[in-house]
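Commentary on secondary and tertiary structure
The primary structure of each chain is shown beneath.
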Amino acid sequence: MRILFINALFEPFGGGAERTIKELAKLVNGLGHEVKILTLWDKEDEEVEIDGLKIYRAKIPNLYFPDGRSRPPLIKRRLWHIIEIYNPLAKRIVSRQIDIFTPHIIQIHNTYGWSSSVYDAVLESGVPGIQVIHDLHLLCPTNMFKKNSVCKKQCFICKLIRFPQKVKTNKLKAVVGLSQFVLKKFLDEGYFTKVPIRRVLYRPIALKKCSFVRKADNNSVNFGFIGSLYPYKGVELLLKSFRKVKRANFRLYIAGRGFNDYEIYLKSKYADESVIFMGEVSPEIFLEKVDVVVVPSLGHDTFPRVVLESLSCGIPVIGSNLGGIPEMIIDGVNGIIFDPYKIGDLEEKILMFASKIKDWRSRCSVIRNSVSNFLDFERWANEWTDLYNSVLNL
């Protein structure tokens, strides 16, 4: 069976969603199916092979490529989003690749940059389509996060500009949410009401066994953040809270990259010998240094990989109560949940963790076992095989 994956970004661009797509594509390849990934970038079209996967990179048919490092002027961003409402050039790219690859199933992931026209290309081809939801982009161009605050409901403007997506995705054969939260969120907003197959398929992670040797300083309490350095990830909330309650033996490790100007701002405002900015490093290098990982998301993170990566290595997580994060954290067992919009709550949880540091350090095996069901690749393979068969039998 031939399966075409469509996504905005792919290695070396992107983050957790792109790593998940790569792992899924490799798994499907391993089941004997042929996979091709259609993605965007800022250069001329090219077809390459990465780790045994066929990748077609198309030059983005828009004003710029959203690489996550630079922020174009406001007017340019506004025009970009207007074009993204419906881009016939993107449809032409997708239709051509469908004709060339002749897939049996098309799997649509993140569509920013492609626009709603991607659905017309899929629907007109007659090939059954599956929507995989990684985030809230189909509801809102800014992932339901505006003016440094989470949006509780889809606003009128977003309803208007996302109406084409709402109508067209209703004609697909299946929708997969990567967490209970994200599928419910879309159903509550009236999406996918006519889609016959609706499922939640939790994603496991490749980091099933931790090979690193823990190097955290036991004389210190070592907090850590790893991920994209963007406002909605809550990294500044963590830095502010840490500054308010830090003790002489507290350390905070910040790993990841973001917009250049925002990185410079954070490093300047929160410069402190107890705060270590590590840049972009592997999870293993980061995790070996910390006692706890803090996931302070201010927006709805669907199912952040960092939570599973940490817990699977026996490292507890202090996590926001938003999005799919609470689906992985058992409060008081493998981590602590806090409300990022409750003043002082993160500070309180930081001190609470520090006061019981010896107890938390002794829980490694309990923490690992708490997420064993999320690390089952065989289960994941069986669930996707069943989904493909169900779609083809409609």
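Structure report, in brief. (Residues numbered from 1 in each chain as written. Predicted model: local features only at pLDDT ≥ 70, side-chain atom pairs only at ≥ 80, totals over all residues. Heavy atoms only, no water.)

A short note on the overall build of the protein
The helix and strand tally for the protein stands at 15 helices and 16 strands. Scaling as 2.2 N^0.38, a compact globule of 394 residues should have a C-alpha radius of gyration of about 21 Å, and the protein matches this with 21 Å. Viewed in the frame of its principal axes, the protein has a C-alpha envelope of about 65 × 45 × 40 Å. Contacts in the protein between residues far apart in sequence, at least 24 positions, make up 70% of those at least 6 positions apart. (Helix = DSSP H or I, 4+ residues; strand = E, 2+ residues; numbered from the N terminus. Rg over C-alpha atoms; globule rule 2.2 N^0.38 Å. Contact = heavy atoms within 4.5 Å.)

Regarding the packing of aromatic side chains
By convention here, two paired aromatic rings are described through the distance between centres and the angle between planes. For the structure shown, the criterion picks out 19 aromatic pairs. Where Y202 meets F374, the ring centres are 5.2 Å apart and the plane angle is 90°; that geometry is what we call edge-to-face. Here Y202 is found in the loop between β10 (197-200) and β11 (221-226), whereas its partner F374 is found in the loop between α14 (364-369) and α15 (377-392), with 172 residues between them in sequence. Clustering of aromatic rings is evident, with ring pairs tying together F223, F242, F250, F353 and W360. Note that R71 overlies the ring of F259, its terminal NZ or CZ placed 4.2 Å from the centroid. Sitting over the ring of W360, R363 keeps its end group 4.3 Å from the ring centre. (Phe/Tyr/Trp six-rings, centres within 6.5 Å; stacked < 30°, edge-to-face > 60°. Lys NZ or Arg CZ within 6 Å of the ring centre and 35° of its normal.)

Here we look at helix α9 (residues 260-269)
All of the buried residues in α9 are Y262, E263 and L266. Relative to the axis of α9, the buried residues are bounded by an arc of 100° and lie together on one face. In α9, the exposed positions that point more than 90 degrees away from the buried face belong to I264 and S268. The inward-facing, buried residues of α9 contact α8 (235-245) and β13 (275-279). (Buried < 20%, exposed > 50% of the residue type's maximum accessible area, 1.4 Å probe, protein only. Arc of directions from axis to C-beta.)

Some points on the sheet that holds strand β16 (residues 335-338)
Pairing is parallel across the open sheet formed by six strands, whose spatial order is β13-β12-β11-β14-β15-β16. The two strands at the open ends of the sheet, each matched to only one other strand, are β13 and β16. Between one strand axis and the next, the sheet turns through 20° on average, direction left out of account. The sheet contact formed by strand β14 (residues 292-295) and strand β15 (residues 317-320) spans three bridges and is parallel. Opposite V295, over in β15, you have G319 as the bridge partner. (Pairing = 2+ DSSP bridges. Axes fitted to C-alpha atoms, helices over the stretch in contact; angles between N-to-C directions.)

Section: the nonpolar core
Counting 55 residues, the largest nonpolar core has F223, I254, F286, V293, I318 and F353 as the members making the most contacts within it. Excluding residues that lie within four positions of it along the chain, F223 makes contacts with F242, F250, R251, L252, Y253, V290, V292, V294, I318, I350, F353 and A354. Grouped together as the second largest cluster of nonpolar side chains are 44 residues, A58, W80, Y112 and L139 included. (Core = buried A, V, L, I, M, F, W, Y, C linked by side-chain atoms within 4.5 Å.)

What to know about empty space enclosed by the protein
If you walk through the whole model with that rule in mind, you get two cavities of 30 Å³ or more. When its volume is computed, the largest cavity comes out at roughly 60 Å³. Every residue along the wall of the largest cavity is listed here: H109, N110, T111, Q131, V132, I133, H134, D135, H137, L138 and F186. Top contributing element to the lining of the largest cavity by residue count: strand β6 (residues 129-133), with three residues. Its residues assigned to classes, the lining of the largest cavity comprises four nonpolar, six polar and one charged. For the second largest cavity, the calculated volume is near 50 Å³. (1 Å grid on protein atoms, 1.4 Å probe; cavity = no way out; pocket = protein on both sides within 12 Å on 5 of 7 lines; lining within 4 Å. Points joined across faces, edges and corners; volume = space filled by probe spheres on them. Nonpolar A, V, L, I, M, F, W, Y, C, P; charged D, E, K, R; others polar.)

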